[in-house]
Amino acid sequence: MTDFLAENNLCGQTILKLVSRGNAIIAELLRLSEFIPPVFKLENKADQLKYGDILCDFSYFKGSEYYDHKIDSNPDLQDLDEEFRENHIEILTRFYLAFESVHKYIRDLNRFLEDLDEGVFIQQTLETVLLNEDGKQLLCEGLFLYGVMLLVIDMRIEGIVRERMLVSYHRYSASEASVDANIDDVCKLLRSTGYSSIGGIRRPSNYPESYFQRVPINKTYINMVIGRLRSDDIYNLISAYPFPEHRSTALATQASMLYVILYFAPEILHNQQAKMREIVDKHFPDNWVTSIYMGIPVNLMDAWEPYKAARTALNNTLDPSNVKDLSTRYEARTNKLNAMVMRYLQEGTLTEEFILDNIPKLMNCLRECNVTLRWLMLHSVAGPWDLNKRCKQLREQLIFDSKFNPQQLFTLLLNTSQLELNLKEMFRHMLTNKQKQWEAYKKEGSERMQELSEVYSGSKPLTRVEKNENLQAWFSEMGKQITSLNYEDSTSAGRKIVQLIQALEEVQEFHQLESNLQVRQFLAETRKFLHHMIRTINIKEEVLIQLQIIADVSYAWEIVDSYTRYMQEGIKKDPSLVIKLRATFLKLASALDLPLLRINQANSADLISVSQYYSGELVSYVRKVLQIIPETMFGLLANIIRLQTHNIKEVPTRLEKEKLREYAQLDQRYKVAKLTHSISVFTEGILMMKTTLVGIIKIDPKQLLEDGIRKELVRQVAWALHEGLIFNTKLKVSELSTKLDALGAKMDGFRRSFEYIQDYVNIYGLKIWQEEVSRIINYNVEQECNSFLRTKVLDWQSVYQSTAIPIPRYAPIPMDISVNFIGRLAREILRITDPRATCYIDKMNTWYDNKTKLEVMTIRLFSKVQDSIGTYGLTGLDRLLCFMIVKELQNFLTILNRGVLRDKAWLEFLASLLKSLNPVVGLVENPAKVYNAASSKAAKLWPPFMDVVLKVGQMQLLRKQIANELNFSCKYDSNLLAGALQTMNRGLLTDIEAHYQDPSLPYPKEDNPLMFELTSYLECAGISNPFTKIYITTKRVPYFALFGFLFVISHLPKLQYTKSVVSMVCKNPRDPLDGPPLVAGIVTLLKQFHSENSDQFLALLGQYVRSMVESVASSQKVELPPEVINVLVFFEEFLEYTEMPRKKVEAHIPAYLFDEFRTTL
């Protein structure tokens, strides 16, 4: 019969590829279970209220029309539903494909069984495949993996969450779902079982057997697979565990398979006592906790409680006397084995000679260690089964009887891992040099014989040795015999060497050669070399394979996390422990062989992704364990910061001799030196760990240390920002300035300490500081801006978030709409500079309180912001204000559309007003009457528009202050960069203008990132004008210029020009209004529309001024009316903000009016 796994064996390849796919599906399910969008869980009230109507479970299918109508009839729900679809369709598709692959897997397994039954595979039947060793393994694995998939889905993805995901996918992918008929079958298979992994919820009746029977599977196949697992050692592992007490460990893999597969035949668990007794006696005589796949632990006492036959069969194992006997036996072994392993690990014990002489002893020791570790780790672990009173009592009894000491067990794990690693490395080295070593021994032995031959020839003088031709010939022949030994034919060479050793012993006795010391030494050395040749030829790869089988630790993939505390405590006491931990991590990496074996055999493309997932999980665990080093370092660093900031005085550049002792502060400096030394010791500890390949990911200790330091820095800085920027909005005097001072001092302490420590730990401290702080702030800005975006940037999509160095997310502050600190900071600044409560004086860049006339905020505040959250913080704040402005402008357009443009009466009013004002180059007769009547009629329109205009103006003024601060600090800190950016900007604008005059000249192409990247640099350097920015795209709005003009002349009378502050301030404190935000808001609004709107707006204002001046002149009054003065001041500020030339306004107002009005102020 041909090899079952041969490429030309269709039957073998089909089932192999299926099993390979099964392992890949489980990896994908485990990977996805970490990315379940929290919204599908509807855990908090806010999510329930917001998404409760659009997230449905399978009840949706009973009344889909009702649910769809409910959403379609409500525009807000419709909008929310569409937004939700855009944000989640990608991850939903990924989940659905994983769910579908489970259904496709069992369908393909059933089809394979049908094909076997129908004789599609020539000369192959279910019986013949089960007779083949590989076939038997694959058929068992095929069913087992399907069971594991179902269990993993139920353990990791709650039933109700699955249903909501499947319904959402069905609704959002209706076109694809209608074509794909599988969705109904997938929903039937994965509907909620009622099981919950959350403790305290009772297990549903008939679970999981009813779940396993949702897709029918051939009963004969199930029974035959159970039969094979009951009776055979399908993986031939008993040969690796020759001792009878180790049998349950040898059969552990198939025991876990039996546990899962028995749920496909629940009648055995319930009623077939004889079979269950046989299964328990063979697989579970001394254990009741097992791991089913990649360390998922299961307690049989809890799992089999509902099944009578299974429960009864397990009684012998769970007998208190048996449990006590096992506990005391393993406790005694732990102490004994720890001492034995420590002896082997002593320096100089494990030599090549020692290993070759003691292979059986070493293997037995490792076998005992691993069996003990497995039993104690599995049976002492706490789990969800502890809610079962009997399980908890049994575990407590076991811990008491075995005097369980987790620290001792952890030490055994460390030492065993180290011994295994040392043995593997030495054995691999011996295997690599096997032939070379053998040839060297052969040459040495042959040369000794040749030399002895020459000695007895009489030609080579040796003290008191007479010539002997017989011995000369005999030794010469022996030399030839040794030379003729063939490495390739190791069996005959071995026999021949034994004969040669005997011959050499005999010649020594018969020819009385013992009297000559030198000859005797030559013979002894030759025999020694021949012995070495036998040992060398016996170095076989089987030992390494056996070692790999014995060292399997896949059962601890999950439960090893409970030993993290002991690992970290050990590192804290002795950082060099990292060397032994490296061996433990490599031992854990061997668990990757289990899911990858079949994928590799099938040459599947999934190999890399599955390897990356499991390797990534293990690397994350390594990082978690070793994170204690950066954590401890930061604790020591905090002490250094405190000493340097509060205790040690800074030495001045010039110092009087008498004060030298005062500034020496030897005790404090000694403390700093001691703490610094401790930090460098920790650094040395992690750097002792060699570069290690964990799965397919290479761990570089230097990179690991740097990542750990980054992670701890991110954690501490993120917390400082979160905690430092929480404001009490009810206070009359804002805490903003004091909070920024405190945060600035804290951040400066972090930065200084990093700068101080970088040389001692061999890292680029300032580079790390800037990269991580910018990442934290950019991430928080991105998440805060999400609330303004329809398509959100989720954590796994963010370029700033990282799995290795995650940025922590903190829950929003109650009663605050901000997502994080950057939102709270922006809203606090907006609160204290509210245009209704403050007055902005442009010439002083300061906000004053309307009532108390005290300073509320100056430009110095933005310097404090920069000191505390840096340039990235200021640019992030600026970006957030941009999003807020966009929202307000969109709000303005919505109000305009609903309140004005859809109302026929208002449109007719505006049309008649425009008609009465046309032509705008002329004058309006009786202007006071015309304008006042129009203003009065429109008065009730203004409040919502006024709020938006003031908010936009306020934010634009803040953006201007931020740009000033950024530009100043850029010129101060990096004048060359500022100059280069300005020159580049001017040059690029000149080229673009030249291109529009002559299109043959070059212009940056669409795919050229030059303009986009330069803009981000310019904004970071403050080389930008917020008032010239276009925030939104708009359509043509009829009468917009007239609307804006009417809005301005309606509100300018509420202001008065005050010469002392060179600005317009509110006339009546009871009707507060600030001039600069009003002007800035109008400028921004007009900028969003076509420039013809601005021109018409200025023309209408010009007509207003001319008409009012003309009416005053006709009444022979000399002074300009206040309304005209306000409009002229408005014009001046308008020109200042827009950077327009004065000629633009002089086209509508005579120049002398501008010159004249200043003299009257």
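Source: prediction; values computed, not measured.

## Some words on a nonpolar patch on the surface
No. 1: Nonpolar side chains collect at one region of the surface, where Val651, Leu655 and Leu660 lie side by side and expose about 240 Å² of accessible area between them.
No. 2: Looking at where valine 651 falls in the secondary structure, it is placed in the loop between helix H32 (628–647) and helix H33 (660–664).
No. 3: On the basis of relative accessible area, valine 651 is assigned to the partly exposed category, the value being 45%.

## Quick word on the pairing of strand S8 (residues 1055–1058)
A regular strand places its side chains so that they alternate between the two faces of the sheet.
No. 1: Along S8, the buried face is formed by Leu1055 and Tyr1057; none of Gln1056 and Thr1058, which line the opposite face, is buried.
No. 2: As paired elements, S8 and strand S9 (residues 1063–1066) share four bridges and run antiparallel to each other. Considered in S9, the bridge of leucine 1055 is made with cysteine 1066.
No. 3: Once S8 ends, the chain turns through four residues before running back antiparallel as S9, passing valine 1062 with a positive phi of about 50 degrees.

## Side note on the sheet that holds strand S6 (residues 846–849)
No. 1: Taken in spatial order, the three strands of this open sheet run S5-S6-S7, and their pairing is antiparallel. Since the sheet does not close on itself, it has two edges, and those belong to strand S5 (838–841) and strand S7 (855–857), each with one partner. Averaged over neighbouring strand pairs, the angle between their axes works out to 40 degrees when direction is ignored.
No. 2: Pairing between S5 and S6: four bridges, direction antiparallel.

## Quick word on the environment of glutamate 706
No. 1: Relative to the assigned elements, glutamate 706 resides in helix H35 (residues 701–724).
No. 2: Overall, glutamate 706 belongs to the buried group, its relative accessible area being 14%.
No. 3: C-alpha of glutamate 706 to C-alpha of isoleucine 628: the two residues are 78 residues apart in sequence and 13 Å apart in space.

## Re helix H11 (residues 219–231)
No. 1: Between its first and last C-alpha, H11 extends 18 Å over 13 residues, near the 18 Å set by a 1.5 Å rise per residue.
No. 2: Among all positions of H11, only Tyr221, Ile222, Val225, Ile226, Gly227, Leu229 and Arg230 are buried.
No. 3: If you follow the buried residues of H11, they end up packed against helix H4 (75–118), helix H5 (126–131), helix H6 (133–156), helix H13 (252–261), helix H14 (266–271) and helix H15 (273–283).
No. 4: The backbone nitrogen of threonine 220 has a side-chain oxygen 2.8 Å away, supplied by the residue at the start of H11, namely asparagine 218.

## Details of the packing of aromatic side chains
No. 1: Taken as a whole and judged by the stated rule, the model has 52 aromatic pairs.
No. 2: Here the aromatic rings of tyrosine 931 and tyrosine 1104 are separated by 4.7 Å at their centres, their planes lie at 65 degrees, and the arrangement is edge-to-face. Linking tyrosine 931 in helix H41 (residues 927–938) with tyrosine 1104 in helix H47 (residues 1091–1114), this pair joins segments that are 173 residues apart in sequence.
No. 3: What makes tyrosine 931 buried here is its relative accessible area of 3%.
No. 4: In this structure an aromatic cluster arises from ring pairing among Tyr146, Tyr195, Tyr207, Tyr211, Phe212, Tyr259, Tyr263, Phe264, Phe284, Trp304 and Tyr307.
No. 5: Lying over the aromatic face of phenylalanine 529, lysine 528 brings its terminal NZ or CZ to 5.8 Å of the ring centre.

## Some points on the pairing of S5
No. 1: Burial along S5 is two-sided: Thr838 and Tyr840 facing one way and Cys839 and Ile841 facing the other are all buried.
No. 2: Here S5 hands over to S6 after four residues, with asparagine 845 in that stretch at a positive phi of 50 degrees.

## Structural notes on the packing of helix H39 (residues 860–901) against helix H40 (residues 904–917)
No. 1: In the contact formed by H39 and H40, the axes pass within 7 Å of each other and the chain directions differ by 85 degrees. As far as their axial angle goes, H40 and H39 are roughly perpendicular. Together, Gly899, Val900 and Leu901 of H39 and Trp906, Leu907 and Leu910 of H40 make up the contact between the two elements.

## Notes on helix H38 (residues 821–832)
No. 1: Here H38 contains 12 residues, and its C-alpha end-to-end distance of 17 Å stays within 8% of the 16 Å for a straight helix at 1.5 Å per residue.
No. 2: In terms of burial, H38 is largely enclosed, as 10 of its 12 residues are buried.
No. 3: Buried within H38 are the following residues: Phe821, Ile822, Gly823, Arg824, Leu825, Ala826, Glu828, Ile829, Leu830 and Ile832.

## Things to note about the nonpolar core
No. 1: Core analysis: the biggest nonpolar cluster contains 338 residues, and Trp304, Tyr614 and Phe1097 have the highest contact counts within it.
No. 2: Looking at which element gives the most residues to this core, the answer is H39, with 18 residues.
No. 3: The contacts of phenylalanine 1097, once residues within four sequence positions are left out, are Ala1041, Gly1044, Phe1045, Val1048, Ile1082, Leu1086, Phe1130 and Phe1134.
No. 4: One finds Met449, Leu452, Ile497 and Ile537 within the second-largest nonpolar core, a separate group that totals 24 residues.

## A few points about the packing of helix H1 (residues 10–32) against helix H30 (residues 593–601)
No. 1: Contact pair H1 / H30: the axes reach a minimum separation of 8 Å and the direction vectors enclose 140 degrees. Considering their axes alone, H1 and H30 lie oblique with respect to each other. Crossing handedness for the pair H1 and H30: left-handed. Contacts between H1 and H30 involve Leu16, Val19, Ser20, Asn23 and Ala24 from the first element and Pro595, Arg598, Ile599 and Gln601 from the second.
No. 2: Across the contact of H1 with H30, the residue classes break down as five nonpolar, three polar and one charged.

## Description of the confidence of the model for the chain
No. 1: Of the residues in the chain, 97% reach a pLDDT of 70 or more, and the chain-wide mean stands at 87.
No. 2: At the low end of the mean pLDDT range in the chain sits helix H8 (residues 174–179), at 53; at the high end sits H1, at 95.

## Remarks on the pattern of salt bridges
No. 1: Throughout the structure, instances matching the rule amount to 49 salt bridges.
No. 2: Notably, a salt bridge pairs arginine 395 with aspartate 386, separated by 3.1 Å at the nearest N-O pair.
No. 3: With relative accessibility at 17%, the residue arginine 395 sits in the buried group.
No. 4: Overlapping salt bridges, with partners in common, bring together Glu706, Arg710, Lys767, Glu771, Glu772 and Arg775 in one network.

## Re the side chain of glutamate 888
No. 1: As for its placement among the helices and strands, glutamate 888 is situated in helix H39.
No. 2: In this structure glutamate 888 comes out as buried when scored by relative accessible area, which is 14%.

## A word on the environment of asparagine 918
No. 1: The residue asparagine 918 is located in the loop between H40 and H41 in this model.
No. 2: A relative accessible area of 45% means that asparagine 918 is categorised as partly exposed.
No. 3: For the pair asparagine 918 and leucine 1100, spaced 182 residues apart in sequence, the C-alpha separation works out to 9.4 Å.

## As for the environment of phenylalanine 883
No. 1: For phenylalanine 883, the position within the fold is in helix H39.
No. 2: When the C-alpha atoms of phenylalanine 883 and arginine 374 are compared, they prove to be 57 Å apart, with 509 residues separating the residues in sequence.
No. 3: If near-sequence neighbours (up to four positions away) are discounted, phenylalanine 883 is found in contact with Cys785, Phe788 and Leu789.

## Side note on a negative patch on the surface
No. 1: A grouping of Glu114, Asp117, Glu118 and Glu127 is seen on the molecular surface, where their side chains present a negatively charged patch.
No. 2: Among the elements that take part in the negative patch, H4 stands out by supplying three residues, more than any other.
No. 3: When you line up the elements, glutamate 127 lands in helix H5.
No. 4: Given a relative accessible area of 43%, glutamate 127 falls into the partly exposed group.

How each quantity is defined
- Residues numbered from 1 in each chain as written.
- Predicted model: local features only at pLDDT ≥ 70, side-chain atom pairs only at ≥ 80, totals over all residues.
- Heavy atoms only, no water.
- Patch = residues over 30% accessible without salt bridge, like charges linked within 9 Å, V, L, I, M, F, W, Y side chains within 5 Å.
- Areas by Shrake-Rupley, 256 points an atom, 1.4 Å probe, with all protein chains shown as cover.
- Salt bridge = Lys/Arg side-chain N within 4 Å of Asp/Glu carboxyl O.
- Helix = DSSP H or I, 4+ residues; strand = E, 2+ residues; numbered from the N terminus.
- Buried < 20%, exposed > 50% of the residue type's maximum accessible area, 1.4 Å probe, protein only.
- Pairing = 2+ DSSP bridges.
- Axes fitted to C-alpha atoms, helices over the stretch in contact; angles between N-to-C directions.
- Expected span 1.5 Å × (residues − 1).
- Contact = heavy atoms within 4.5 Å.
- Polar contact = N/O pair within 3.5 Å; in protein donor to acceptor, adjacent residues only side chain to side chain.
- Phe/Tyr/Trp six-rings, centres within 6.5 Å; stacked < 30°, edge-to-face > 60°.
- Lys NZ or Arg CZ within 6 Å of the ring centre and 35° of its normal.
- Parallel < 35°, antiparallel > 145°, perpendicular 65-115°, else oblique.
- Core = buried A, V, L, I, M, F, W, Y, C linked by side-chain atoms within 4.5 Å.
- Left-handed = near helix turned anticlockwise from the far one by under 90°.
- Nonpolar A, V, L, I, M, F, W, Y, C, P; charged D, E, K, R; others polar.
- pLDDT = per-residue confidence, 0-100.
- Lys, Arg positive; Asp, Glu negative; His and termini not counted.
- Charge placed at Lys NZ, Arg CZ, Asp CG, Glu CD.

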